Amino acid sequence: MIKLIYAELFKIASKPRSYLGLLAITVIVGLIHLAMLSDGKNYLDFIFSTFSQTFDISGKILNGNLIAFIILQMLVVQMPLLVAFVTGDIISGESAGGTLRLLAGRPFSRTQIFFAKYIASAVYTAVLILWLGILSLVVGRLLFGDGDMMVLKSDGLTVIRAHDILWRYGIAFLIAFLSLMLIASYSFCISAFADNSITPIVICMATIIIFTIIGTLEIPFFDYVKPFLFTTHMIVWRNIFYQPIDWSEITVSMAIMVAYIVGFTGVAWYHFKTKDILS
Amino acid sequence: MKIIQINHLVKTFNSFTALSGVSFDVNQGEIYGLLGPNGAGKSTTMRCLLSLITPTAGSIKLFEKELKTNRREILSKVGYLIEKPDFYGYLSAKRNLNLLAAYAGKKISSTRIAEVIEQVGLNGRENDLVKTYSHGMKQRLGLAQVIMHDPELIILDEPNTGLDPLGIIELREFIKQLKQQGKTIILSSHILSEIELIADQMVIINQGKVVLNGSVHDLLHQDDLHVVFELGAVEKATSVIQTSQWLSQLESKTATTMVFNIKQPEIGVLNHFFNENNVQVTGISYRRKLEELYMSMTQNIK
């Protein structure tokens, strides 16, 4: 099994498309850093202008911690695309390329092949998150320094002390990883059914866009639906930066995401295990 | 020892029946030809042997063990190439083989990989990306991955497709070498002459059914040919052969042709006989028995 996981990781590492995600993160985060370096103060003045009439905000609010928070919020839409771009191709790409039949007649069970691919996808997702963490938080702190972090909410503002931030980021990145694993599992699931690599990516993105739109529409009818949309729970990482932390909401959202992951993976596994390989 | 035992294999895809009770056995050390028109069920049978497709009914035993319950053990002794040779184009041939070695179920050394690369004639190009390869080179790589783990049973689905004449000859020799090494080989083809040249046994499949199964030698009676003489005057020819030895070998006739069941050296003798008796011969053609057999088996079965 270890050999198979290594082989799948090797395939991911050998494909040029796998580096597009890392490159995209580097470019986006680099541009945000550059923009903040040149005009960050004005940007934050504009953002916090509502509160400047109520509070006296003094000191350096532009720091690496806040930049990392802004980056994480901005990348909520892009990161799933980058993940689906690779994970959506892992089974369907082999099916389309005819290489799936090269593997499926070997002395390993379909289950072993499936989970080797799935674990490799999880590792790739973790690498993306890790890379995002390094660029946004580590490089951000190197460029903009450490300090207290001000977090805007729809109904107010939270200040988190510098010594109280790192562990929150640790959990935030873990939740972000879980969110992206949900996307990876979803695209993986579609990939198990599809015979080309474009379909899973398109379906995955279309789902995220539709669910996000439904999630933002303030129409009472959708209020019944929203708790069941996985996109509703993917942004729960933000709650870790609020005071007090609503752990119950975070736990419920994480449990729902895990349920989705198990569901998508289970469906994909059963289909892959039983499907006829005709390509 | 029976290497393959297929018993009443049935496979349906929704309402379409691809295999309808296919049964045949393959003995150890034989080259077994699977013959049939496109869509006859050859590839489906081979995919069932590799568990790429789950049969709807019937049983498959490989190495005298049920495939369903001994999959890992069985498939570690099988090498295969199904349809066209597809590989990871973004990797070199060597990397492809290294990668597939991980799936082989046994340890394959880099020395062995170098050895098979040389055996199939890809040395010097093994580090080039496969996407730069021609079809023939991909086919060679396909054969390298088939043999790299030294399998006992080799399954080749239409291995001649897309190869030039030289490639076909080389492949034929390669398969013969594998047989000499004691391998059992099952290959499908719609090129009749290839099956005739290399197979010991053959089965003709049509519309998902086995319509003929047996030894190639026995089925062909290779000495006999169906020779068609195109004649200027069939009536005159009929009268001149009435008192000759050729009458017993006359199989059929039309307004312009006479078909004889004769041996190859007799073609010239019969031609000479017609000339001597002033019967103009405008053309001679012959069809091999296998073609006759194939045509009759695949066109008349409903």
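About the thresholds
Residues numbered from 1 in each chain as written. Chains lettered and ligands numbered in written order. Predicted model: local features only at pLDDT ≥ 70, side-chain atom pairs only at ≥ 80, totals over all residues. Helix = DSSP H or I, 4+ residues; strand = E, 2+ residues; numbered from the N terminus. Buried ≥ 20, exposed ≤ 12 C-beta atoms within 10 Å, placed from the backbone. Contact = placed C-beta atoms within 7 Å. Core = buried A, V, L, I, M, F, W, Y, C linked by C-beta atoms within 7 Å. Pairing = 2+ DSSP bridges. Nonpolar A, V, L, I, M, F, W, Y, C, P; charged D, E, K, R; others polar. Axes fitted to C-alpha atoms, helices over the stretch in contact; angles between N-to-C directions. Domains from an automatic or database assignment. pLDDT = per-residue confidence, 0-100.

### A closer look at the overall build of chain B
When its secondary structure is counted, chain B shows 11 helices and 14 strands. Overall, chain B is about 75 × 45 × 35 Å in size when its C-alpha atoms are taken along their principal axes. A total of 302 residues make up chain B; the buried ones form 39% of that total. Across chain B, contacts joining residues at least 24 apart in sequence account for 71% of those joining residues at least 6 apart.

### Things to note about the nonpolar core
Counting 147 residues, the largest nonpolar core has Val83, Ala176, Leu180 and Leu182 of chain A together with Ala144, Ile155 and Ile185 of chain B as its most contacted members. Sort the elements by how many residues they give to this core and helix α9 (residues 166–193) of chain A lands first, with 17 residues. The residues contacting Ile185 of chain B, other than those within four sequence positions of it, are Ile31, Tyr32, Ile154, Leu156, Ile175, Leu178 and Lys179 of chain B. Listed in part, the 11 residues of the second largest apolar core include Val227, Ile241, Met258 and Ile262 of chain B.

### Here we look at the pairing of strand β2 (residues 16–27) of chain B
Residues and elements named next belong to chain B. Direction of pairing for strand β1 (residues 2–13) relative to β2: antiparallel, over a ladder of 9 bridges. Note on β2: the bridge partner recorded for Leu9 is Val22. Once β1 ends, the chain turns through 2 residues before running back antiparallel as β2, passing Asn14 with a positive phi of about 55 degrees.

### Re the interface of chain B and chain A
Contacts between the two partners involve 22 residues from chain B and, on the opposite side, 22 residues from chain A. Listed by contribution, the elements that provide at least two residues to the side of chain B that touches chain A are α2 (71–75) and α3 (93–101) of chain B. Residue composition of the side of chain B that touches chain A, grouped by class: 15 nonpolar, 4 polar and 3 charged.

### Quick look at the sheet that holds strand β7 (residues 153–157) of chain B
Paired through their backbone hydrogen bonds, the strands of a sheet run either parallel or antiparallel. Residue and element names in this part refer to chain B. One open sheet accounts for 6 strands, arranged β6-β7-β8-β3-β9-β10; its pairing is mixed. In the strand order of this sheet, the two ends are held by β6 (78–81) and β10 (209–215), each with one partner. This sheet shows a mean twist of 15 degrees between the axes of neighbouring strands, independent of strand direction. Here 4 bridges tie strand β3 (residues 31–35) to strand β9 (residues 201–206), and the two strands are oriented parallel to one another. The partner of Leu35 across the bridge, within β9, is Ile204. Helix-sheet contacts for helix α1 (residues 42–49) involve β3, β7, β8 (184–189) and β9, and the interaxial angle to β7 is about 150 degrees. Together, β3, β7 and β8 form the strand contacts of helix α6 (residues 165–180), whose direction differs from that of β8 by roughly 155 degrees.

### Observations concerning the domain arrangement of chain B
Per the domain assignment, the segments making up chain B are domain 1 (2–220) and domain 2 (224–299). Taking only C-alpha atoms into account, the centre of domain 1 of chain B sits 40 Å from that of domain 2 of chain B.

### A closer look at the sheet that holds strand β5 (residues 65–66) of chain B
Residues and elements named next belong to chain B. Overall, antiparallel pairing links the 4 strands, which are arranged β2-β1-β4-β5 in an open sheet. Each having just a single partner strand, β2 and β5 make up the two edges of the open sheet. With 2 bridges connecting them, strand β4 (residues 57–62) and β5 associate as antiparallel partners. By the bridge assignment for β5, Lys61 is matched with Glu66. Sheet contacts for α1: β1, β2 and β4; angle to β1, the most-contacted strand, approximately 115 degrees.

### Details of unusual backbone geometry
Excluding glycine, residues mostly have negative phi values, and the peptide bonds linking residues are mostly trans. A cis amide bond, omega -10 degrees, links Gln243 of chain A with the succeeding residue Pro244 of chain A. Looking at the secondary structure, you find Pro244 of chain A in the loop between α12 (230–234) and α13 (247–274). Backbone geometry places His8 of chain B, a non-glycine residue, at a positive phi of 50 degrees. Here His8 of chain B is to be found in strand β1. In this model, Ser51 of chain B sits at a positive phi of 60 degrees, which is unusual for a non-glycine residue. With respect to the secondary-structure elements, Ser51 of chain B resides in the loop between α1 and β4.

### Quick look at the confidence of the model for chain A
With 95% of its residues at a pLDDT of 70 or more, chain A shows a mean pLDDT of 86. Element-level pLDDT for chain A is lowest in helix α3 (residues 49–52) of chain A, with a mean of 66, against a maximum mean of 93 in α13 of chain A.

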